[in-house]
Amino acid sequence: QSYLEEIQQAAYENRKLLAVLVDPDKFDENSISEFIQNLPKETTHIFVGGSTVEEGRTCAVVKAFKNLCGLPIILFPGDHSQISSHADALLFLSLISGRNPEFLIEQQVRSVKKIRNTSLEIIPTGYILIDGGRETSVQKVSNTVPLAQSNLQQIVNTALAGQYSGKKLIYLEAGSGANNPVSSEIISSVKNELNIPVIVGGGIRSTQQLLEAYNAGADLVVIGTAFENGSFQQ
Ligand code: 1GP
């Protein structure tokens with residue numbers, strides 16, 4: 001079974017998935033054993049990526065996790081330089097909420113050289129940036145305007161356009177460190193219209209927010225900052 005099929009199957013069976021996001025620029029490999037021990041037992045995936053990451057850091061972090069952790073390591077790259085053949089799979093992201101060709105197709109074309117001779121599983125993913133109440137680095141780096149949370153129809157239409165154009169996953173992103181996570185109303189509206197799994201991330205800091213996202217229909221939730229700095233509220 002491929003990594004995508006595992007996610008599809010879990011979504012079909014309503015088994016919720018949890019990815020812990022590791023930003024290679026902020027991660028200290030010296031504390032990796034401790035980090036792995038402290039992962040919530042519900043963790044199903046490790047995502048690796050950040051908006052800007054120093055060249056070579058992604059590979060080092062991916063290798064360290066591969067050695068010590070049995071969970072699937074999925075790349076969630078901010079740009080083509082963050083692709084490591086040592087990972088298991090790659091979220092091949094298109095920032096479909098934005099209108100910047102750089103993140104709709106340019107970075108993807110530039111990444112081909114790196115991925116074509118690897119065994120990385122490529123997972124076409126529609127990435128939708130939603131206003132999380134503050135300017136996040138993905139907004140700055142991508143130079144795109146996030147969709148307002150009040151613009152429900154546009155968010156749903158964007159997600160559907162992603163599905164129609166062949167994306168296998170839709171990622172609703174409020175941005176790392178967002179003040180407001182993606183609302184339950186948005187998650188449930190998107191989930192009701194789509195027949196592909198929905199990933200939700202950005203600004204989720206507590207069990208309550210995690211459960212809200214799951215109850216609204218998120219199939220996989222991504223948490224970075226709150227686990228990175230140990231501030232997650234049980
Ligand atoms: C960011 O969705 C992820 O791309 C996670 O965000 O760091 O706020 O958990 P946080």
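Treat the numbers as computed from the prediction; the structure is a model and nothing was measured. Every residue gets a number counted from 1 within its own chain, in the order that chain's sequence is written. For this predicted model, a pLDDT threshold of at least 70 governs which residues receive local features, and a threshold of 80 or more governs which side-chain atom pairs are given and counted, while totals over whole chains, interfaces and linings are taken from all residues.

**Focus: the sheet that holds strand β5 (residues 121-129)**
- Strand pairing follows a simple DSSP-based rule, namely that at least 2 bridges must link the two strands. Helix numbering and strand numbering both begin at the N terminus, where a helix is a DSSP run of H or I of at least 4 residues and a strand a DSSP run of E of at least 2. If you walk around this closed barrel you meet the eight strands as β1-β2-β3-β4-β5-β6-β7-β8, and the pairing is parallel. On average, each strand axis in the sheet is tilted by 30 degrees relative to the strand beside it, whichever way the strands run.
- By the bridge criterion, four bridges tie strand β1 (residues 17-22) to strand β2 (residues 45-48) in an arrangement that is parallel. Paired with Ala19 across the strands is His45, a residue of β2.
- Contacting β1, β2 and β3 (73-75), helix α3 (residues 57-68) crosses the sheet at an angle of about 165 degrees to β2. Comment: axis = line fitted to C-alpha atoms, over the contacting stretch for helices; angle = value between 0 and 180 degrees taken between N-to-C directions. In this description, a residue-residue contact is defined by the distance between C-beta atoms placed from the backbone, which must lie within 7 Å.

**A short note on helix α4 (residues 101-115)**
- Its 15 residues place the ends of α4 20 Å apart at the C-alpha level, agreeing with the 21 Å of an ideal helix rising 1.5 Å per residue.
- To obtain the bend at a residue, axes are fitted to the seven residues ending there and to the seven starting there, and the angle between these axes is taken. When the local axis directions of α4 are compared, the greatest deviation, roughly 30 degrees, occurs at Val109. Here, expected helix span is obtained from the residue count minus one, scaled by 1.5 Å.

**Examining the UniProt feature "binding site: sn-glycerol 1-phosphate" (unreviewed entry) in the chain**
- Per the UniProt record, "binding site: sn-glycerol 1-phosphate" (unreviewed entry) is annotated on Tyr171, Leu172, Glu173, Ala174, Gly175, Ser176, Gly177, Gly202, Gly203, Gly224 and Thr225.
- Looking at the element boundaries, Ser176 is found in the loop between β6 (169-173) and α7 (184-193).
- Ignoring sequence-local partners within four residues, the contact set of Ser176 consists of Thr136, Ser137, Val138, Gly202, Gly224 and Thr225.
- The residue Thr225 is located in helix α9 (residues 225-228) in this model.
- C-beta crowding within 10 Å serves as the criterion here: with 18 such atoms nearby, Thr225 is assigned to the partly exposed category.
- Excluding residues that lie within four positions of it along the chain, Thr225 makes contacts with Ser176 and Gly177. UniProt positions are given in the numbering used here, feature names are shortened, and annotations may be inferred rather than shown by experiment. To assign burial, the other C-beta atoms lying within 10 Å of each residue's own C-beta are counted, with C-beta atoms placed from the backbone; 20 or more indicates buried, 12 or fewer indicates exposed, and intermediate counts indicate partly exposed.

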